[in-house]
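Each chain, written out:
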Protein chains: 2
Amino acid sequence: MSLNVSGSLREIERYIKTVPDFPRAGISFKDITPLIESGQALHAAVDALAKAVESVEFDRIISAEARGFVLGTALAYRTRKGLILARKPNKLPRARISATYDLEYGTDVLEVHADAIPPGSRILVTDDLLATGGTARAMCELVEKAGGTVACAAFLIELSYLEGRQRLAPYPVVSLLDYNDPNA
Amino acid sequence: MSLNVSGSLREIERYIKTVPDFPRAGISFKDITPLIESGQALHAAVDALAKAVESVEFDRIISAEARGFVLGTALAYRTRKGLILARKPNKLPRARISATYDLEYGTDVLEVHADAIPPGSRILVTDDLLATGGTARAMCELVEKAGGTVACAAFLIELSYLEGRQRLAPYPVVSLLDYNDPNA
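Residues numbered from 1 in each chain as written. Chains lettered and ligands numbered in written order. Predicted model: local features only at pLDDT ≥ 70, side-chain atom pairs only at ≥ 80, totals over all residues. Heavy atoms only, no water.

Novice: So what's going on with the interface of chain A and chain B? Residues and values would help.
Specialist: Counting residues at the interface gives 42 residues for chain A, matched by 42 residues for chain B. At the junction of chain A with chain B, the criterion picks out four salt bridges. Between Glu37(B) and Arg60(A) there is a salt bridge, with the nearest N and O atoms lying 3.8 Å from each other. Viewed at the interface, chain B and chain A are joined by 16 residue pairs in polar contact (both at pLDDT 80 or more). Sorting the residues of the side of chain A that touches chain B by element identifies strand E2 (17-20), strand E3 (28-31), helix H2 (33-37), helix H3 (39-52), helix H4 (68-79) and strand E5 (82-86) of chain A as the ones contributing at least two each. Considering every element that reaches the side of chain A that touches chain B, the biggest residue donor is H4(A), with seven residues. Its residues assigned to classes, the side of chain A that touches chain B shows 19 nonpolar, eight polar and 15 charged. (Contact = heavy atoms within 4.5 Å. Salt bridge = Lys/Arg side-chain N within 4 Å of Asp/Glu carboxyl O. Polar contact = N/O pair within 3.5 Å; in protein donor to acceptor, adjacent residues only side chain to side chain. Helix = DSSP H or I, 4+ residues; strand = E, 2+ residues; numbered from the N terminus. Nonpolar A, V, L, I, M, F, W, Y, C, P; charged D, E, K, R; others polar.)

Novice: Quick rundown of the packing of aromatic side chains? Include the residues and the values.
Specialist: All names here are of chain A. Throughout the structure, instances matching the rule amount to three aromatic pairs over all chains. Measuring from ring centre to ring centre gives 5.0 Å for Phe22 and Phe29, while their planes differ by 80°; the resulting arrangement is edge-to-face. Positioned over the ring face of Tyr179 is Lys30, at 4.0 Å from the centre of the ring. Its end group placed over the ring of Phe58, Lys81 keeps NZ or CZ at 5.3 Å from the ring centre. (Phe/Tyr/Trp six-rings, centres within 6.5 Å; stacked < 30°, edge-to-face > 60°. Lys NZ or Arg CZ within 6 Å of the ring centre and 35° of its normal.)

Novice: Would you mind going over the environment of Thr149(A) in detail, with residue names and values included?
Specialist: All names here are of chain A. Note on placement: Thr149 falls in strand E9 (residues 149-158). It is 8.8 Å that separates the C-alpha atoms of Thr149 and Leu124, two residues lying 25 residues apart in sequence. For Thr149, the residues in contact, after removing those within four places along its chain, are Ser121, Arg122, Ile123 and Val143.

Novice: An account of the side chain of His113(A) is requested, with residue identities and associated values reported.
Specialist: As for its position among the elements, His113(A) is in strand E7 (residues 106-113). His113(A) gets classed as buried once you look at its relative accessible area, which sits at 2%. Those residues in contact with His113(A) that lie beyond four places of it in its chain are Leu92(A), Pro93(A), Arg94(A), Ala95(A), Arg96(A), Asp31(B) and Thr33(B). (Buried < 20%, exposed > 50% of the residue type's maximum accessible area, 1.4 Å probe, protein only.)

Right, here's the structure in full:
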């Protein structure tokens, strides 16, 4: 595990539990619920994410159902920006655009309201975890389809051995904690 | 529609769209995505929720997947408290406790990690919308099962004609916007 931003993240990292063989054998799941349950750690993580993107100009944030909403909304509140909800199919009630994507384990579809991404707007893509990049890549596609621009993609955790960052090229990618060992 | 807290909520209410017959005929769906997409409205809504519960003593907040995470996390950040994620089945990787509940349209199960609610802790239950109260009642049950205490239940929107507040008795309930007409 390496730290991309500052030593205060060592404190945050203590709250992340690695759960072996979840959701299936061979996957080391990064459980961030202890971090989210700590008022101090949640606050520090959101502030660190905000600091990591402070030089990025953006109009709105987009994050994906369901775990992505957690850091996405807190970051939106912290940066005084709006949040676009990328949801599973048939959850949004009005006209939608959609993108299909591969997950680390399976495939899925994400949808946003057709009017959620104004043409020409600059959008910050965010999620708690960058693994193979499927979910984030789908959010980038939604931004592109709507005529917006991806300003940056920002993550709390990156599993760099899965090379998700390469899949999001040419967009800039920021992450706070990098786990570069699949067995860690 | 009536306002429970202050006139500044009139601004917030403008961002809520009522979508008729979603997810099925006869349901007037309150779509808060335009509110969440506005940095100003999201910030104002979270601040108003924080103000509405400022006299409540609590240790952590609990909110339910997926839409509940949106205001839940922002409120957690704003109040410097931790957030407990009540999730759909098989999403949480470690030992869990669960509660079954009736939705406005169907039934479902919510789970929390068994160590998420410390015995004796005071928990603020929150969600974007109080309808029949099934989801919120399930969160109260999870708090009780774990040996915690429900300090208060707080909502952005209440559909008071569905009498969810009565279902949450004897716990105190706070809401910011009340729609008391099923056809509004």
